[in-house]
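# Survey of secondary and tertiary structure
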Amino acid sequence: MSRIGNRPVVVPSGVTVKIQGRHVSVSGPKGSLDWTHPGTAQVTYDEGAKAIVVTRSDDRKQSRANHGLTRALIANMVQGVAEGFSRRLEIYGTGYNCKLQGRKLQLNVGFSGRRRGLGAQFEVNVPDGLEVVVEKEAARGDNEPAVLVINGRDKQQVGEFAAEVRALRKTEPYKGKGIRYEKEPVIRKQGKALTGAAS
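Our subject in this report is the structure included herewith. Just so you know, these numbers come straight off a predicted model, no measurement behind them. (Residues numbered from 1 in each chain as written. Predicted model: local features only at pLDDT ≥ 70, side-chain atom pairs only at ≥ 80, totals over all residues. Heavy atoms only, no water.)

Of all hydrophobic cores here, the largest spans 22 residues; its most connected members are Ile-91, Leu-105, Leu-107, Leu-148, Ile-150 and Phe-161. Within the residue set of this core, elements represented by two or more residues are β7 (85–92), β9 (104–108), β11 (130–136), β12 (146–152), α3 (155–166) and β13 (178–181). It is α3 that provides the largest number of residues to this core, a total of 4 residues. With sequence-adjacent residues up to four places away left out, Leu-107 is seen in contact with Ile-91, Asn-97, Cys-98, Ala-120, Gln-121, Phe-122, Val-124, Leu-148, Val-165, Leu-168 and Ile-179. Core analysis: the next-biggest nonpolar cluster, separate from the first, contains 16 residues, Val-17, Val-26, Ile-74 and Met-77 among them. (Core = buried A, V, L, I, M, F, W, Y, C linked by side-chain atoms within 4.5 Å. Buried < 20%, exposed > 50% of the residue type's maximum accessible area, 1.4 Å probe, protein only. Helix = DSSP H or I, 4+ residues; strand = E, 2+ residues; numbered from the N terminus. Contact = heavy atoms within 4.5 Å.)

Moving on: the environment of Glu-172. Examined against the element boundaries, Glu-172 turns out to sit in the loop between α3 and β13. Only 3.0 Å separates the side chain of Glu-172 from the backbone nitrogen of Gly-176, close enough to count as a polar contact. (Polar contact = N/O pair within 3.5 Å; in protein donor to acceptor, adjacent residues only side chain to side chain.)

Okay, the side chain of Arg-56 next. Among the structural elements, Arg-56 can be located in strand β6 (residues 51–56). Engagement of the side chain of Arg-56 in a polar contact is seen with the backbone oxygen of Asp-58, the distance being 3.1 Å. Within polar-contact distance, the side chain of Arg-56 engages the side chain of His-67 at 2.8 Å.

Now for the pairing of β9. Judged by how many residues are buried, β9 sits mostly within the fold: 4 of 5 residues are covered. Summarising the sheet, strand β8 (residues 97–101) and β9 pair through 5 bridges and their orientation is antiparallel. Bridged to Asn-97 within β9 is Asn-108. Counting the residues in the hairpin turn of β8 and β9 gives 2 residues, including Gly-102, whose phi is positive at 65 degrees. (Pairing = 2+ DSSP bridges.)

Across the sheet, 3 strands lie side by side as β8-β9-β10; this open sheet has antiparallel pairing. Of all the strands in the sheet, the pair left with one neighbour each is β8 and β10 (122–125). Each strand axis lies, on average, 20 degrees off the axis of its neighbour in the sheet, ignoring direction. (Axes fitted to C-alpha atoms, helices over the stretch in contact; angles between N-to-C directions.)

Another point: the sheet that holds β12. Spatial strand order, β11-β12-β7-β13: 4 strands in an open sheet with antiparallel pairing. Looking at strand neighbours, the two that pair on one side only are β11 and β13, the edges of this open sheet. When strand polarity is set aside, the average angle formed by the axes of neighbouring strands in this sheet is 25 degrees. Contacts from α3 reach β7, β11, β12 and β13, with the element oriented near 10 degrees to β7.

Attention shifts here to unusual backbone geometry. We note that Lys-50 has phi near 55 degrees; this positive angle belongs to a residue other than glycine. By the element assignment, Lys-50 lies in the loop between β5 (41–46) and β6. In this structure Lys-50 comes out as partly exposed when scored by relative accessible area, which is 42%.

Read these as geometric descriptors, not functional statements.
Encoded structure:
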């Protein structure tokens with residue numbers, strides 16, 4: 001049996017669960033999420049124990065895989081509507097900055113020139129269901145990055161948008177300039193050394 005799939009998903013106070021056939025709906029302080037799970041899994045809600053239980057109909061390979069996957073995704077849904085998820089991004093590089101204008105995230109990350117008629121090199125629409133908080137607008141040198149935080153109830157949506165923003169300027173290996181996740185390790189390379197001509 002799947003060790004992950006066997007663990008009940010504890011439902012905290014303030015979160016409601018509705019299951020109709022394969023459709024699972026959860027709602028809480030952060031909003032609501034819906035998902036239709038694979039047919040090889042069975043999902044039930046024990047109201048007395050305040051727990052969601054996931055089982056499977058057989059031991060086929062796909063059923064075993066869906067068992068753990070279904071439990072993990074439902075656990076993320078419950079956590080998302082109860083507490084939410086967040087991803088912090090750091091922007092390194094002198095002159096690099098980020099700013100929020102309404103539902104648009106504006107970034108200047110070292111490319112030459114800016115888009116005509118706009119005050120930023122990149123302007124990214126913040127998807128519905130997400131909130132972006134700019135904690136520090138401008139980077140200073142190599143040790144004080146600009147910082148932004150992406151918050152949302154859908155873990156996958158938070159991760160996808162963070163990856164989209166990060167991909168606009170991946171960290172280069174020589175000076176470490178670019179956009180990275182908080183605490184993301186960066187493998188640095190040594191620049192080419194100039195050698196003097198032999199006298």
